[in-house]
Amino acid sequence: MSNGMPFADRQRLPLFTNHRFGCVVSLVAFFGLSACTGSDGSAISNDPDGVYHYNVSRVPLAQFFGGDGCASNRQDLIEGAWAQGLRKCASCHIPGGRAGREGASFRVYTDAYPSFAQRNLQSMFQFKADVGGIPYFLAKGSAQVNHGGGRVIEQSDPAFVQLAELTQTMGDPADCTPLVPDMSTRVDRDTNVTTLRKASLLLSGKLPDSPLIDAVRGGDEKQLSEAIDRLLRRDEFLDVVQRWFNDLLLTDKYVQGSRGVNEIQSGFRSSQSIVESFTSDKRNAVSAKVAKEPLDLITYIVMTDRPLTEMLTADYAALNPVADSYYNRSFFINDSDDVYNYSIRQIVQDQDGKIVEYPHSGILSSPFFLNRYQTSFTNRNRSRARVIYLKFLATDILKVADRPIDPTAATGFDNPTMDNPDCTTCHAILDPLAGGFQKFHDRDYEKYMPDQNWYDDMFTTGFAGVDYSSSSSLSPLSWMGQQIVEDPRFAMAVVQFTYRFVTGEELLVFPEDAAAVDYSDRVRAWQLQHAIFDSLSERFTLSNFNFRSLVREMILTDFFRVSAAKLSATIDPWLVGFGVGALMTPE
């Protein structure tokens, strides 16, 4: 299968069989040659590679998203004006970006934000006041009025014209209701029994029992939802939670040998000295249990139906018996094999005889998270901040600035990260978050140093334009954790990595090349996927960030349940991304 095939010429759909014609359509359906014909006369072909192909035609996006003015405005923005015009403003005007720090109130939201098109339409509407016949925000961008960023768009640019027309004709976007597409006429879905079977394999590694199958057979979605809830209450699901979140955090790196306790010994000297007296096998066993500390916290949160926000804000640790003994210097290492039996504790550090209270902020303050994502004297926690943006805020900071950077330009500034506009685009967002880790040592990564001062040649510690106050009752990292989970991107990030967990598929990426022949197809595929993500994000938030609830909702979506494209329907290549890619785990 060629990875270079144009997007419009391929579509991943689940395996299904057309018994009437004896044709099999694979997980990836190619469009083109003809050998077998569907009921609507569309062509299905047998390629030399053994893959059958279904020839489809296009349908308007409005058939999925509605044909009202709101949907039309969103579509116009996403498919044209965003990529060709408004995106140029995002590098400075993103919340927390350089423009906001200099007093600008115009905000541009990237595709990492839930309903980003709706948010941008609202920003445009807010700044649509007429200045010389053009909207105010475009007058700024084209330097018709004073603009700190200079001219970023020409009035002759087609994107300028499109943005102007869109802004002048649209109504108040606040009156628009986000729509979730109805694909019932376009795809076939698994039955309740088949969905339950797939869900049981995913969530417990085994087939459902007969009573559970009988409960959903012939029932509606309510019975299926209740059956999935029962699967989510089993201990086997907690095993899955540990595996899923290790795939996200990669902290099980430290369960091998005695790497766990060796990595964090500078903060726990007394316990380390006891562990070193053990036999090699016992030391390794203890180390593996201690290294589970960040994953155990998440498992405890899920097990007790606490908000998943506590993953970044919990002011406690959930410790298995071995970790409890180690972290709290009980001087008796309990090597119990009792799983999912947690003690809720406050960790204290023994730094060469000095007892130091440890400020908890969920996994962000975990000794193993801090060691897994290291820093240095020169990096100053920026790499950690980038990881947090990527994993918990659905934002790749390296894509915020798409402008070319002259490597010699920095030589003209004493402090480029604060003074060079090419650098501050990213650093104005990244560096304030990096300051959240300011009290941790830059070599002994888990070592907490409450009296350590932070650099004065970096942007002030804060998040999304809000500065941290030294008078706060919270530590910088605890304050940061609270800010992150209150950001709408946190819920979106959780939805996105849950999608990966449940389907085994990577996210569709918003296309960057607006001139590509398949740009429109890629945008529509992304838009269709994210319309569902937006809905899941909202429901996840309303559930008080209950992770079990989100997993259930994800399983009930077409991401998991689509079994085939209807042969009698015309479908568009932007249905890529639906259906489960694989059920078998690497383990």
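Scroll up a little and you will see the structure.
Being a predicted model, the structure only gives us computed values, none of them experimental. (Residues numbered from 1 in each chain as written. Predicted model: local features only at pLDDT ≥ 70, side-chain atom pairs only at ≥ 80, totals over all residues. Heavy atoms only, no water.)

So what's going on with the overall build of the protein chain? Residues and values would help.
Summing up its helical and strand segments, the protein chain has 25 helices and 16 strands in all. Of the contacts made within the protein chain by residues no fewer than 6 positions apart, 66% connect residues no fewer than 24 positions apart. Carbon and sulfur atoms provide 48% of the accessible area of the protein chain, an area that totals close to 24,600 Å². (Helix = DSSP H or I, 4+ residues; strand = E, 2+ residues; numbered from the N terminus. Contact = heavy atoms within 4.5 Å. Areas by Shrake-Rupley, 256 points an atom, 1.4 Å probe, with all protein chains shown as cover.)

Please set out the pattern of salt bridges residue by residue, giving values where relevant.
Within the structure shown, the criterion is met by 21 salt bridges. The salt bridge partner of arginine 306 is glutamate 310, with a shortest N-O separation of 2.9 Å. Judged by relative accessible area, glutamate 310 falls into the buried class, the value being 13%. The partner of aspartate 487 in a salt bridge is arginine 489, with the nearest N and O atoms 3.0 Å apart. Classification of arginine 489 by relative accessible area gives buried; the value is 2%. What emerges from the salt-bridge pattern is a single network uniting Asp229, Arg539, Arg552 and Glu553. (Salt bridge = Lys/Arg side-chain N within 4 Å of Asp/Glu carboxyl O. Buried < 20%, exposed > 50% of the residue type's maximum accessible area, 1.4 Å probe, protein only.)

Quick one: what's the story with the packing of aromatic side chains, residue by residue and with numbers?
Scanning all chains against the criterion turns up 33 aromatic pairs. Relative to phenylalanine 440, the ring of tyrosine 358 has its centre 6.1 Å away and its plane inclined at 75°; by these criteria the two rings are edge-to-face. On the criterion of sequence distance, the pair formed by tyrosine 358 in the loop between β13 (354-357) and α17 (367-372) and phenylalanine 440 in the loop between α20 (421-434) and β14 (462-463) is long-range, its members being 82 residues apart. In terms of burial, tyrosine 358 and phenylalanine 440 fall into one category: buried. Their ring planes at 50° and their centres at 5.0 Å tell us that phenylalanine 369 and tyrosine 373 sit as a pair that is tilted. For phenylalanine 369, a relative accessible area of 1% translates into the label buried. For the cation-ring pair, arginine 119 lies above tyrosine 109, with the distance from its terminal atom to the ring centre recorded as 5.4 Å. Lying across the ring of tyrosine 455, arginine 380 places its NZ or CZ 3.7 Å from the centre. (Phe/Tyr/Trp six-rings, centres within 6.5 Å; stacked < 30°, edge-to-face > 60°. Lys NZ or Arg CZ within 6 Å of the ring centre and 35° of its normal.)

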